[in-house]
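# What the coordinates show
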Amino acid sequence: MPSETQRLQMSLLQPAQAQKHVTVNEALMRLDGLVNLVLESISTATPPATVLDGQCWGIPAAAQGAWSGQSGRIAVGTNGGWVFLPPQRGMRAFVGDRGLEAVHDGLGWVAGALTLGSGGSGLVAGMAEGEVTLAQGSSAITGVFIPAGAMVIGAVARVTEALTGPLTGWRLGTAGALNRFGQGLGKARDSWGRGILGSPMTYYQPEPLIVTSEGGTFSGGRIKLAVHWLELRLPS
């Protein structure tokens with residue numbers, strides 16, 4: 001009789017086993033972490049200072065501390081420590097710090113995978129988001145980047161702190177097309193823009209989103225931004 005399950009490596013009860021509740025409880029803790037799997041991150045190499053039961057992390061290369069030597073495995077917080085489990089090809093997880101679902105291809109997690117062939121190729125959805133704090137001036141190059149090779153679907157924005165200054169409105173775009181994702185956008189808190197492209201556009205070089213004032217300059221305010229795209233993943 002095998003001693004554990006094949007996929008999740010949960011210990012099986014043995015004939016005449018003592019303290020069966022220990023084996024059962026450990027299996028339940030693993031299931032609690034892995035069912036509807038949520039990975040806090042797949043790029044954080046250092047374990048958190050506090051271990052929360054049921055919290056899961058995808059361990060990247062060069063992991064440190066209690067995760068050292070466990071690269072590629074899933075760390076499940078259990079009873080103040082860690083249980084390390086091997087992911088399987090086809091396993092899905094929501095990645096908390098990326099805001100994307102990931103699929104495991106047998107070698108690693110592919111964040112945003114919509115399709116994933118046996119040869120490693122696939123269609124991947126991507127997103128980048130951030131918040132820009134505006135200072136005196138007519139434009140701001142944000143830290144929200146479109147990566148090279150991305151076919152952009154659109155970008156969205158919301159004013160989180162009212163924009164101040166003599167401006168009458170603002171635009172959202174990229175270099176060469178400062179209004180690509182919207183123009184005449186409002187200054188008040190909760191004003192928003194949803195720039196869906198009628199024809200998706202592919203960027204062959206990385207490009208940041210740019211916020212530009214209309215009818216005057218910025219003197220303050222904050223805007224949350226996000227840009228959404230599709231990518232083609234090369235075969236392994």
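Sequence order as written defines residue numbering, which begins from 1 separately in each chain. It should be noted that, the model being predicted, local features are given only for residues of pLDDT at least 70 and side-chain atom pairs only at 80 or more, the latter also being counted only at that level, while totals for whole chains, interfaces and linings use all residues. Side-chain numbers come from the whole structure's heavy atoms, not from hydrogens or water.

### Here's the deal with the nonpolar core
- By nonpolar core we mean a set of buried residues, namely Ala, Val, Leu, Ile, Met, Phe, Trp, Tyr and Cys, connected to one another through side-chain atoms within 4.5 Å. Summary of the burial criterion: residues with accessible area below 20% of their type's maximum are buried, those above 50% are exposed, and those between are partly exposed, where the area comes from a 1.4 Å probe applied to protein chains only. Of all hydrophobic cores here, the largest spans 26 residues; its most connected members are Trp170, Leu172, Val211, Ile223, Leu225 and Val227.
- Strands here mean DSSP runs of E at least two residues long; helices mean DSSP runs of H or I at least four residues long; both are numbered from the N terminus. Of all the secondary structure elements, the ones that give two or more residues to this core are β8 (122-133), β9 (139-146), β10 (150-164), β11 (169-174), β12 (177-185), β13 (192-203), β14 (207-214) and β15 (220-233).
- Among the elements that take part in this core, β10 stands out by supplying six residues, more than any other.
- Between two residues, a contact is recorded if the distance between any of their heavy atoms is within 4.5 Å. The residues contacting Leu225, other than those within four sequence positions of it, are Ala128, Glu129, Gly130, Val132, Thr142, Val144, Val156, Ala157, Leu172, Leu209 and Val211.

### A few points about helix α1 (residues 20-34)
- An expected span of 1.5 Å times one less than the residue number is assigned to each helix. An ideal rise of 1.5 Å per residue puts 21 Å on 15 residues; α1 measures up with 22 Å between its terminal C-alpha atoms.
- On its buried face, α1 is in contact with β2 (56-58), β3 (74-78) and β4 (81-85).

### Some thoughts on the sheet that holds β11
- Between any two strands, pairing holds if DSSP finds at least two bridges. If you trace the four strands from one edge of the open sheet to the other, you get β9-β14-β11-β12, paired in antiparallel fashion. Both outer strands of the open sheet, β9 and β12, are each paired with one neighbouring strand and no more. Between one strand and the next, the sheet's axes are offset by a mean angle of 25°, whatever the strand orientation.
- Two elements, β11 and β12, share three bridges in a ladder whose sense is antiparallel. Following the sheet pairing, Thr174 is matched in β12 by Ala177. Each axis is a line fitted through C-alpha atoms, taken for helices only over the stretch in contact, and angles between the N-to-C directions span 0 to 180 degrees.

### Looking at the environment of Arg171
- If you trace the backbone, Arg171 turns up in strand β11.
- Each C-alpha atom, one on Arg171 and one on Val22, is 60 Å from the other, the two residues being 149 residues apart in sequence.
- The contact partners of Arg171, leaving out residues within four places of it in the chain, are Leu178, Asn179, Gly182, Gln183, Ile210, Val211, Thr212 and Glu214.

### A closer look at the sheet that holds β13
- Taken in spatial order, the four strands make up an open sheet running β8-β15-β10-β13, and their pairing is antiparallel. Edge positions in the open sheet fall to β8 and β13, since each of these has one partner strand only. Adjacent strand axes in the sheet meet at a mean angle of 15°, parallel and antiparallel pairs treated alike.
- Note that β10 and β15 share 10 bridges and pair antiparallel. Looking across to β15, one finds that Ala155 is bridged to Val227.

### A look at the side chain of Glu214
- Tracing the sequence through the fold places Glu214 in strand β14.
- Of note is the side chain of Glu214, whose polar atom sits 2.6 Å from the side chain of Arg171.
- If we ignore the near neighbours within four places in the chain, the residues touching Glu214 are Leu167, Thr168, Gly169, Trp170, Arg171, Gln183 and Gly184. Whenever two N or O atoms come within 3.5 Å, that pair is a polar contact, provided that in protein one can donate a hydrogen and the other can accept it, and provided that, for residues adjacent in sequence, both atoms are side-chain atoms.

### Concerning the pattern of salt bridges
- Salt bridge, as applied in this entry: a Lys or Arg side-chain nitrogen positioned within 4 Å of an Asp or Glu carboxyl oxygen. This model, assessed by the stated rule, comprises seven salt bridges.
- When the shortest N-O distance is used, the salt bridge between Glu101 and Arg92 registers 2.9 Å.
- For Arg92, a relative accessible area of 44% translates into the label partly exposed.

### Overview of the pairing of strand β6 (residues 100-104)
- For β6, a buried count of four out of five residues is recorded, marking the element as mostly surrounded by other parts of the structure.
- Pairing analysis gives four bridges linking strand β5 (residues 92-95) to β6, with the strands arranged antiparallel. Opposite Phe94, over in β6, you have Glu101 as the bridge partner.
- Where β5 hands over to β6, the hairpin turn is made up of four residues, of which Gly99 adopts a positive phi near 70°.
- When β6 meets strand β7 (residues 109-111), the two strands line up antiparallel, connected through three bridges. Each bridged residue has a counterpart across the sheet, and for Ala102 the counterpart in β7 is Ala111.
- Between β6 and β7, which pair antiparallel and follow one another directly, the connecting turn spans four residues, one of which, Gly106, has a positive phi of 100°.

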